[in-house]
Amino acid sequence: MIPHFTEARQRERVPTEISASAEGACVRLADEIATLIRANDAAGRPTVFGLATGSTPVPLYRQLIRLHRDQGLSFRHVITFNLDEYHGLPRTHPESYWCFMHEQLFNHVDVPPAHINIPDGMVPRDQVYEWCRTYEEKIKAAGGLDLQILGIGRTGHIGFNEPGSGSDSRTRLVTLDALTRRDAARDFLGEANVPRHAITMGVGTILEARRIVLLAWGEAKAGALAGAVENPPTEALPASFLQTHPDTVFYVDAAAAGELTRLRHPWLVGPVAWSRPMTRLAVVWLSQQARKPILKLLDEDYSEHSLADLLTEQGPAYGLNIRIFNELQHTITGWPGGKPNADDTNRPERATPESKRIVVFSPEPSNDVLGMGGTLRRLVSQGHQVTVAYMTSGNLGVPDEEAAMAAELVLEFDLSAGGAGSPGAVFAREVRQQLQGKTAYAADSTEVRKLKAIIRRNEARASLQACGVDTARVRFLELSFYEKGRYRRFKPTPDDVSRIVTLLEEIQPHQIFGTGQIAEPSSVPALCFSLLRQALDACQTSPWRKDCHVWLYREPDRMWEPAEIAMAVPLSPRELTQKIQAIYQHKSQRSQSPMLAQGLHELWQQAEHHNQAIAKLYDALGLAEYEAIEAFQPMVSIQG
Ligand code: F6R
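Because the structure is a prediction, the values reported are computed rather than measured.

1. Let's talk about the pairing of strand 6 (residues 147-150)
In strand 6, alternate side chains face the same way, and those of Leu147 and Ile149 on one face and Gln148 and Leu150 on the other are all buried. Of the pairings in the sheet, the one linking strand 2 (residues 47-51) to strand 6 comprises two bridges and is parallel in character. Within the sheet, the bridge partner assigned to Phe49 lies in strand 6 and is Leu147. In the sheet, strand 6 pairs with strand 9 (residues 211-216) via four bridges, with the strands oriented parallel. Of the residues in strand 9, the one forming a bridge with Leu150 is Leu214.

2. A short note on the site of the ligand
Thr56, Asp84, His157, Lys221 and Arg488 are the nearest of the 15 residues found near the ligand. A distance of 2.7 Å separates an oxygen atom of the ligand from a polar side-chain atom of Thr53. Between an oxygen atom of the ligand and a side-chain N or O atom of Lys221, the distance comes to 2.6 Å. Relative to its free-state accessible area of 410 Å², the ligand is covered by the protein chains to the extent of 90%. Class assignment of the residues belonging to the shell around the ligand gives a composition of four nonpolar, eight polar and three charged.

3. What to know about the nonpolar core
Judged by nonpolar contacts, the single largest core of 36 residues is most densely connected at Phe81, Leu214, Leu242 and Phe250. Taken together, the elements giving at least two residues each to this core come down to strand 3 (78-82), helix 4 (128-141), helix 6 (203-207), strand 9, helix 7 (222-230) and strand 10 (248-253). Those residues in contact with Leu242 that sit more than four places away from it in its chain are Val14, Leu150, Ile158, Ile206, Leu207, Ile212, Leu214, Thr248 and Phe250.

4. A few points about the domain arrangement of the chain
With domains assigned, the chain is organised as domain 1 (17-262), domain 2 (267-329) and domain 3 (357-395 + 456-638). The partner domain 3 presents ten residues to the twelve residues of domain 2 that form the contact. A combined buried area of about 880 Å² lies between domain 2 and domain 3, and 66% of that area is made up of carbon and sulfur atoms. A per-residue breakdown of the area domain 2 buries against domain 3 is headed by Arg280, Leu281 and Leu328, which together make up 41% of the total. At the junction of domain 2 and domain 3, the tally comes to zero salt bridges. Where domain 2 packs against domain 3, one counts two residue pairs in polar contact (both at pLDDT 80 or more). For the side of domain 2 that touches domain 3, the secondary structure elements donating two or more residues are helix 9 (276-290) and helix 12 (317-331). Top contributing element to the side of domain 2 that touches domain 3 by residue count: helix 9, with six residues.

Conventions and cut-offs
- Residues numbered from 1 in each chain as written.
- Predicted model: local features only at pLDDT ≥ 70, side-chain atom pairs only at ≥ 80, totals over all residues.
- Heavy atoms only, no water.
- Buried < 20%, exposed > 50% of the residue type's maximum accessible area, 1.4 Å probe, protein only.
- Helix = DSSP H or I, 4+ residues; strand = E, 2+ residues; numbered from the N terminus.
- Pairing = 2+ DSSP bridges.
- Near = heavy atom within 4 Å.
- Polar contact = N/O pair within 3.5 Å; in protein donor to acceptor, adjacent residues only side chain to side chain.
- Areas by Shrake-Rupley, 256 points an atom, 1.4 Å probe, with all protein chains shown as cover.
- Nonpolar A, V, L, I, M, F, W, Y, C, P; charged D, E, K, R; others polar.
- Core = buried A, V, L, I, M, F, W, Y, C linked by side-chain atoms within 4.5 Å.
- Contact = heavy atoms within 4.5 Å.
- Domains from an automatic or database assignment.
- Buried area = accessible area lost by both parts, 1.4 Å probe.
- Salt bridge = Lys/Arg side-chain N within 4 Å of Asp/Glu carboxyl O.

Encoded structure:
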């Protein structure tokens with residue numbers, strides 16, 4: 001499926017291995033690490049690692065722990081240097097990289113504490129320069145880094161070397177990019193809590209490692225990764241400097257590799273098997289390149305744009321254009337649940353039964369309206385029985401200020417109703433006290449999380465009402481992996497799967513909508529998607545299952561390729577406004593800062609731009625001109 005031949009990699013300036021899953025890539029890398037450690041142990045040398053934090057290396061650390069536990073791999077002669085640490089955070093802070101590394105790796109293997117080096121987030125500013133110099137000297141004294149593990153940020157950073165960092169930069173204090181801070185907001189329970197500065201190894205420091213492995217998972221990394229692999233080295237994308245290193249490899253999953261030419265435009269780098277999806281991908285691309293609607297493409301356009309062999313196989317252009325145009329035309333439907341009494345041969349969804357039982361799974365409240373708010377409204381108005389199932393409460397995403405305000409409302413109401421001290425008021429007083437006594441960045445108590453969940457439940461109901469959904473049908477599954485966990489530390493259980501199975505068996509849906517299939521594997525949408533998939537597998541033999549279509553919607557942060565879209569639901573200007581109103585009900589999810597950093601947008605703006613961009617794409621291909629479009633693909637096409 002994924003081309004690996006050399007020709008396909010001709011645009012790639014750094015060796016890039018694409019794996020089906022993060023897990024698979026990490027099993028291989030952990031074996032490589034074990035071999036290195038054992039060889040150095042045998043030669044009586046220490047092994048020196050540069051380590052990263054964040055979601056990306058977690059599956060690697062899990063594999064290393066497994067090798068230690070099951071195969072006796074010892075870390076006694078391993079020395080580690082971490083890339084970075086937030087400045088201003090003490091070690092004891094739950095989001096410090098010190099804490100992270102101990103929780104995720106060091107506490108589970110036998111690396112001696114004296115061999116662990118992590119930048120100190122509490123070094124006073126006037127001593128940072130000296131401290132960083134000493135850190136570099138320590139790396140040298142240990143013999144230099146044998147292997148440096150890296151993740152990549154959406155800004156293209158490695159370590160915390162944000163755009164603008166030079167290839168010769170050294171360990172230093174840096175200011176974090178606005179996007180990086182936003183990406184860390186969830187871990188810190190709000191953007192306002194994210195530190196503004198960090199100490200990081202420099203690009204030059206990293207490049208001195210003997211071998212470098214960069215890992216990347218999930219579609220959110222696709223843009224930065226393609227830039228780092230295919231564009232010339234530039235300070236605007238610091239990971240691109242890795243191209244200059246003689247022994248660097250990128251291990252990525254298919255979602256993170258999604259923007260590489262060999263996957264996105266493979267005909268530019270070698271021969272291609274012209275399957276239907278590949279043909280559609282190429283014709284759509286050609287129409288964009290030639291800036292012509294599909295039906296106006298000429299034979300010459302095909303041959304001038306490296307598509308001569310497609311023309312030979314499936315040409316001439318006239319017939320090929322019409323075929324692809326019709327295929328795309330057939331993805332457009334105003335009847336996402338199927339059109340009653342219509343010939344459905346060429347429609348994305350079947351006509352019968354006329355009224356379908358539908359379950360829309362939303363990992364957290366708001367994913368549903370962001371991804372398919374307009375479609376939800378249509379499904380309801382077209383007479384289907386729509387159940388929206390919120391898989392988690394989303395309470396970790398509620399800022400303390402919102403919870404404090406809700407507690408005050410209850411207390412003031414209680415007072416105005418006579419001040420008898422109702423059980424609700426007792427609860428609210430408890431929450432107020434806990435919030436007031438909460439130390440910076442401390443985790444929420446059960447009570448505070450409960451109140452935050454209530455806030456999100458009510459926002460979700462208001463949002464669904466704005467979409468016309470009967471809120472009596474809403475389900476809050478409160479999957480326990482989320483309710484008992486915190487970001488990056490979630491551990492799904494069989495109980496999570498069985499809650500989804502119970503709902504599915506009760507409703508026996510004809511149609512399911514889900515999301516998260518190509519999200520970063522440890523993110524809430526990805527975990528929820530994996531649980532949904534397991535639940536569907538568990539229902540495989542249930543009679544309703546074979547007649548149930550599973551559709552996937554997506555977060556609005558990455559553009560769809562028209563070739564990926566199997567169902568395009570157009571929204572009128574009014575429907576788009578209604579969708580925005582529905583998103584707007586998720587008040588606790590709006591930015592806490594009245595001044596958004598340049599280039600960052602509110603959720604509703606992201607969704608608006610995204611849906612309008614898909615419509616523009618369809619328009620430019622010569623299809624009908626709509627205000628906005630919501631897009632879907634069937635789950636089978638991902639698996640198959
Ligand atoms: C962490 C680090 C960062 C991360 C990057 C990706 O030590 O240096 O460069 O690797 O921000 O973060 P995740 O893995 O959380 O997506």
